[in-house]
Amino acid sequence: MLNKPVFFLILCVALATATSTFDLTKFERTQITEEDFEQLFGLYRIHKAPFHIEPSVERYNYFKSRVQSIINHNKNPNKTWKRTITKFTGLTTDELKGVTLMESQNCSATHFPSEPASQGFTVFPDYFDWRQAGVVSKVKDQGNCGSCWTFSTTGAVESHWALFKATKPPLLSEQQLVDCAGDFNNFGCNGGLPSQAFQYIQANGGLESEDSYPYKGVDQQCSFDSSKIVASVQYGSYNVTSGDEQGLQESLFTHGPVSIAFEVTDDFMDYDSGVYVGKTCHQDSAHVNHAVLAVGFGHDKTANLDYWIVKNSWSTTWGENGYFRIQRGVNMCGVAVCASYPQMRPPKF
């Protein structure tokens, strides 16, 4: 039986803003009880769920099975990453697609003309992180809208503008892209591609700041004001050859953070820390459903894995303060099939 006092109703606003830490480590050593599950479910509904969910038996059983899966995963000493209860843990796959993942994008990273992928770089440092240069903006939160592509886009433009102008990164408007970039084969809260967004920014003349065109997380009529442009992309999109992970590494190291897209599967939603290795995701461009920003790379000695450092758009309460690491060198979940960055200078052929 469900313990009714655990499942009291609260305002959706509180659900969206409150945070809590779920320590599951003790259940890796001791058996989790029904009472434990009920308490965790109550805490999840209060502090984690991105919107109000009813405490049905079906929902509770789904959450329970998901938590047990997390515990079993974390017990496995061969896993290179940890899972935890996140705001997505109690949501079904269909709900996840509706609130945070974009529709699968059959992207082509070479759709637009690009420079040659490799310039002959063969030696890279073991660790590199653009955050250390102060050119990566804060982690943001896309909310219940499949607008990840806009955050990947603004994150890249913010960093490349900072590098181009030798200044701190501006905070640019994702909502402008949601509302106004549709003519470039983007679909607001239903998805889009950073490469196509860079083309829109070039043609449009630039982006407003997030203050002048604030984020609402819903599709609206375009209300762009050209007098409020704070950053531009004069030469459009540089597109890394699809599947060329060394070209991706070279682009990131020599030019700046790179927008990438990959396929998110259920277990990734519960990511907590470590180097993510997906077991069920695809490596082709037809399945990518989430756009993010690669800002660095490194090597994990414990796991003996190379990795990418990636900025997400699910707030700082998710993952490693809003970031995650994913295996590098094997095109994990398609990270190298749809990579691009904004060109601030004329391309060199």
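On a predicted model such as this, the values are computed, not experimentally measured, just so you know.

A. Expanded view of the state of the cysteines. For the structure shown, the criterion picks out three disulfides. With its sulfur 2.0 Å from that of its partner, cysteine 145 forms a disulfide with cysteine 189. As the torsion about the S-S bond is roughly -100°, the cysteine 145-cysteine 189 disulfide counts as left-handed. Of this pair, cysteine 145 sits in the loop between strand S2 (128-129) and helix H5 (148-165) while cysteine 189 sits in the loop between helix H6 (174-180) and helix H7 (194-204); the two residues are 44 residues apart in sequence, bridging distant segments of the chain. Like cysteine 145, the residue cysteine 189 is buried in the burial classification. Covalent S-S linkage joins cysteine 180 and cysteine 222, the inter-sulfur distance amounting to 2.0 Å. One quick way to see it: the torsion about the S-S bond of cysteine 180 and cysteine 222 is about 100°, and its sign makes the bridge right-handed. Separated by 42 residues along the polypeptide, cysteine 180 in helix H6 and cysteine 222 in the loop between strand S3 (207-208) and strand S4 (229-231) bring together distant segments of the chain.

B. Representation of unusual backbone geometry in the model. Despite not being glycine, alanine 166 has its phi angle at roughly 55°, a positive value. Unusually for a residue other than glycine, asparagine 321 sits at a positive phi of about 55°. Inspection of the secondary structure assignment puts asparagine 321 in the loop between strand S9 (305-311) and strand S10 (323-327). Residue classification places asparagine 321 among the exposed residues on the basis of a relative accessible area of 61%.

C. Structural view of the packing of helix H2 (residues 34-47) against helix H3 (residues 57-75). Packing of H2 against H3 leaves a shortest axis separation of 10 Å and a crossing angle of 105°. Between H2 and H3, the interaxial angle falls into the category roughly perpendicular. Along the contact surface, H2 presents Glu34, Phe37, Glu38, Leu40, Phe41 and Tyr44, while H3 presents Arg59, Tyr60, Phe63, Lys64, Val67 and Gln68.

D. Highlighting the packing of aromatic side chains. In this structure the tally under the stated criterion is 28 aromatic pairs. Sitting over the face of the ring of tyrosine 307, arginine 325 holds its NZ or CZ atom 5.1 Å from the ring centroid. The side chain of arginine 328 reaches across the aromatic face of tryptophan 308, ending 5.7 Å from its centre.

E. Structural context of the pairing of strand S8 (residues 290-300). Of all 11 residues making up S8, 10 are buried, and the element is well covered by its neighbours. Pairing geometry for S2 and S8, over two bridges, is antiparallel. Bridging across to S8, aspartate 129 finds its partner in glycine 296. In this structure, strand S6 (residues 258-262) lies alongside S8, joined through five bridges in antiparallel fashion. Bridge pairing in S8 places serine 259 opposite leucine 293. Linking S8 back to S9 in an antiparallel pair, the connection comprises four residues, with asparagine 304 at a positive phi of about 55°.

F. Molecular detail of the pairing of S9. The element S9 is extensively covered by neighbouring structure, given that six of its seven residues are classed as buried. When S8 meets S9, the two strands line up antiparallel, connected through seven bridges. Residue pairing across strands places leucine 293 opposite lysine 311, the latter belonging to S9. As judged from the five bridges shared by S9 and S10, these two strands associate in the antiparallel manner. Among the inter-strand pairings, isoleucine 309 is bridged to a residue of S10, identified as arginine 325.

G. Geometry of the pattern of salt bridges. In this structure the tally under the stated criterion is 13 salt bridges. One salt bridge connects arginine 83 with aspartate 270, and the closest N-O pair in it is separated by 2.9 Å. Here aspartate 270 lies in the loop between S6 and strand S7 (271-276) and arginine 83 lies in strand S1 (residues 81-83), a separation of 187 residues in the sequence. A single burial state applies to arginine 83 and to aspartate 270, both of which are buried.

H. Molecular detail of the packing of H5 against H7. Contact pair H5 / H7: the axes reach a minimum separation of 9 Å and the direction vectors enclose 60°. One finds that H5 runs oblique with respect to H7. In this structure, the crossing between H5 and H7 has a hand that is right-handed. Judged by residue contacts, Trp149, Ser152, Thr153, Ala156 and Val157 of H5 engage Pro194, Ala197, Phe198 and Ile201 from H7. In terms of residue class, the contact of H5 with H7 is made up of seven nonpolar, two polar and no charged.

How each quantity is defined
- Residues numbered from 1 in each chain as written.
- Predicted model: local features only at pLDDT ≥ 70, side-chain atom pairs only at ≥ 80, totals over all residues.
- Heavy atoms only, no water.
- Disulfide = S-S within 2.5 Å.
- Helix = DSSP H or I, 4+ residues; strand = E, 2+ residues; numbered from the N terminus.
- Buried < 20%, exposed > 50% of the residue type's maximum accessible area, 1.4 Å probe, protein only.
- Axes fitted to C-alpha atoms, helices over the stretch in contact; angles between N-to-C directions.
- Parallel < 35°, antiparallel > 145°, perpendicular 65-115°, else oblique.
- Contact = heavy atoms within 4.5 Å.
- Phe/Tyr/Trp six-rings, centres within 6.5 Å; stacked < 30°, edge-to-face > 60°.
- Lys NZ or Arg CZ within 6 Å of the ring centre and 35° of its normal.
- Pairing = 2+ DSSP bridges.
- Salt bridge = Lys/Arg side-chain N within 4 Å of Asp/Glu carboxyl O.
- Left-handed = near helix turned anticlockwise from the far one by under 90°.
- Nonpolar A, V, L, I, M, F, W, Y, C, P; charged D, E, K, R; others polar.

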